[in-house]
Amino acid sequence: MRAVVVVPVLKKTAKASAEIMSSPATRSDESRLEEATGLALAIDLDVVHGTIVPVAQPKPGTLLGSGKIEEIGHILNEKDAGLVIVDHPLTPVQQRNLEKEWNAKVIDRTGLILEIFGRRASTKEGTLQVDLAHLNYQKGRLVRSWTHLERQRGGAGFMGGPGETQIEADRRLLQERIVRLERELEQVRRTRQLHRSKRKKVPHPIVALVGYTNAGKSTLFNRMTGAGVLAEDMLFATLDPTLRRLKLPHGRMVILSDTVGFISDLPTHLVAAFRATLEEVLEADLILHVRDLSDPDNQAQASDVLRILADLGIDEKESAERIVEVWNKIDKLEPEVREALVNKAASAGDTVAVSAITGEGVDALLAEIGSRLSGVMTECTVVLGLDQLQLLPWVYEHAMVDAREDLEDGRVSLDLRLTEAEAAELERRLGNGPKPVEEDW
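Residues numbered from 1 in each chain as written. Predicted model: local features only at pLDDT ≥ 70, side-chain atom pairs only at ≥ 80, totals over all residues. Heavy atoms only, no water.

- An unreviewed UniProt entry annotates the protein as GTPase HflX of Sinorhizobium saheli.
- In its Subunit (unreviewed entry) section, UniProt records this for the protein: "Monomer. Associates with the 50S ribosomal subunit."
- Its UniProt record gives the protein a comment under Cofactor (unreviewed entry), which states: "Mg(2+)". (UniProt positions renumbered as here; feature names shortened; annotations may be inferred.)

So this is what it looks like as structure tokens:
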């Protein structure tokens, strides 16, 4: 379908303008237009025109002024376009009035993102979450979706009342579907929690990839794990979370999680619906914040990601301890700029510069992950008797083996480096430590 993209830019108050000027993370109007166009292209729309529209005073009925509405109407006729994407939330009334003025279908930013998510969802959980978000979005827009909604169904009996209108019946049916989906998602949440509990019994740390959409998370995920997750130069190329095991350079095993990309002004319907998925981030031992350093607006994008993480419950103090910044796509930078960024990242201590495409810096990232997850390391020498040799796989998976000696009597002597927690677990497995508390199920 041929589409026109409209980006309304509302006039800021003096206070808001001062705050924006003092903030380094300011997104330009042109970048907003580029992002909105990218969202449209992500669902194969043919964007024939894009325009930025200054709005001094938002109109309650149409958001835009009559002059701009008429101007865009001419563009629609010239370009033979039947769809207008407004990169701003629209009320049901505004959406209906604009459709009448332009004689074209109108969707706002929330509707566009919901459409993308609907196409990208591939698992049952993802489909349920998108359906729930879409129903909550449509609940207030029934009045513009059908023309038959004011018909009434009579009550029972000859003297029955007028009964409920069709719109009331449709809203009731819609609410029943929402309740049913929420129940199913609650079951999904319980199942996911059960899976987390099982993973905790096998103490593999969780490392979650987060970042703005199209920052290169899935490409980096594939580079690190050898997985085949869809990775394209497209907004929201992947939606459903993927988990894979990852072996670090010193042999330790971790679980790497690729999550849905974030975006500015993420619809509240989606934040609520995808909370079960985003809980993977909350449970992570380490969070890799992937940033596209080739994007001029990467600072603003990073602020949006941190804001969403804060909404999820990861505060600023916790961020410093759990988040490693990954400066991705350095292969797209000029050599001098790339060298300066690599040196800056190396001196920062909590930042790694990488190229997920070429693999540059990935080894350093894996080393940083191992260092962050190592905790307080302790050294010890352990001699495993003949009846304890079954612990060897566990030892090699959870400890760094510096030296091994196979003794003549069949015992094995190991020089180990491991965290204090894993040292205590090894003692318990050897029968030298306290037994774990049994849980009642």
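1. Structural notes on the overall build of the protein
Alright, step 1. If you tally the helices and strands in the protein, you get 17 helices and 13 strands.
Alright, step 2. Out of the 441 residues in the protein, the part that is buried amounts to 47%.
Alright, step 3. Here the analysis covers contacts within the protein between residues at least 6 apart in sequence; of these, 69% occur between residues at least 24 apart.
Alright, step 4. Surface accessibility of the protein: about 22800 Å² in total, with carbon and sulfur atoms responsible for 51%. (Helix = DSSP H or I, 4+ residues; strand = E, 2+ residues; numbered from the N terminus. Buried < 20%, exposed > 50% of the residue type's maximum accessible area, 1.4 Å probe, protein only. Contact = heavy atoms within 4.5 Å. Areas by Shrake-Rupley, 256 points an atom, 1.4 Å probe, with all protein chains shown as cover.)

2. Examining the pairing of strand 7 (residues 253-258)
Alright, step 1. Here strand 7 lies mainly inside the structure; 6 of its 6 residues are buried.
Alright, step 2. Neither face of strand 7 is left uncovered, since the one carrying Met253, Ile255 and Ser257 and the one carrying Val254, Leu256 and Asp258 both have all their residues buried.
Alright, step 3. Examined bridge by bridge, strand 5 (residues 206-211) and strand 7 share 4 bridges and lie parallel to one another. Following the sheet pairing, Val207 is matched in strand 7 by Leu256.
Alright, step 4. The pairing of strand 6 (residues 242-247) with strand 7 spans 6 bridges and is classified as antiparallel. Within strand 7, the residue paired with Arg244 across the bridge is Leu256. (Pairing = 2+ DSSP bridges.)

3. A short note on the pattern of salt bridges
Alright, step 1. Evaluation of the coordinates by the stated rule reveals 17 salt bridges.
Alright, step 2. Note that Arg119 is salt-bridged to Glu115, the shortest N-O span being 3.8 Å. Of the two residues, Arg119 and Glu115 are both situated in helix 5 (residues 109-120); the distance of 4 residues between them amounts to about one turn of the helix.
Alright, step 3. According to the relative accessible area criterion, Glu115 is partly exposed, its value standing at 36%.
Alright, step 4. Put simply, Asp406 and Arg404 hold a salt bridge, and the shortest N to O gap is 3.0 Å.
Alright, step 5. Using a relative accessible area of 53% as the deciding quantity, one classes Asp406 as exposed.
Alright, step 6. Here the salt bridges share partners, and the residues they tie into one network are Arg32, Glu35, Asp87 and Arg109. (Salt bridge = Lys/Arg side-chain N within 4 Å of Asp/Glu carboxyl O.)

4. A look at the sheet that holds strand 10 (residues 351-353)
Alright, step 1. Ordered by their spatial adjacency, 6 strands build an open sheet running 6-7-5-8-9-10, and the pairing between neighbours is mixed. The open sheet has two edge strands, strand 6 and strand 10, and neither has a second partner. The average undirected angle you get between the axes of adjacent strands in this sheet is 25 degrees.
Alright, step 2. Taken strand by strand, helix 15 (residues 362-374) contacts strand 5, strand 6, strand 7, strand 8 (286-292), strand 9 (323-328) and strand 10, and its axis lies near 150 degrees from that of strand 8. (Axes fitted to C-alpha atoms, helices over the stretch in contact; angles between N-to-C directions.)

5. Section: unusual backbone geometry
Alright, step 1. Residue Asn103 is not a glycine yet carries a positive backbone phi of 55 degrees.
Alright, step 2. For Asn103, the location among the structural elements is in the loop between helix 4 (92-102) and strand 4 (105-108).
Alright, step 3. Among the residues examined, Asn103 registers a relative accessible area of 73% and is labelled exposed.
Alright, step 4. At Asn214, a position not held by glycine, the phi torsion is positive, near 70 degrees.
Alright, step 5. Relative to the assigned elements, Asn214 resides in the loop between strand 5 and helix 9 (217-225).

6. Quick word on helix 6 (residues 124-139)
Alright, step 1. Under the 1.5 Å per step criterion, the end-to-end length of helix 6 is 22 Å for 16 residues, consistent within 8% with the ideal 22 Å.
Alright, step 2. For helix 6, the set of buried residues is Glu125, Gly126, Leu128, Gln129, Val130, Leu132, Ala133, Leu135 and Tyr137. (Expected span 1.5 Å × (residues − 1).)

7. Focus on the side chain of Gln301
Alright, step 1. Tracing the chain through its elements places Gln301 in helix 12 (residues 298-312).
Alright, step 2. The residues contacting Gln301, other than those within four sequence positions of it, are Arg27, Tyr212 and Asp295.

8. Structural notes on the environment of Ile357
Alright, step 1. Along the chain, the position of Ile357 falls in the loop between strand 10 and helix 15.
Alright, step 2. In this structure, the C-alpha to C-alpha distance between Ile357 and Asn328, residues 29 residues apart in sequence, is 9.2 Å.
Alright, step 3. Excluding residues that lie within four positions of it along the chain, Ile357 makes contacts with Thr219, Arg223 and Asp331.

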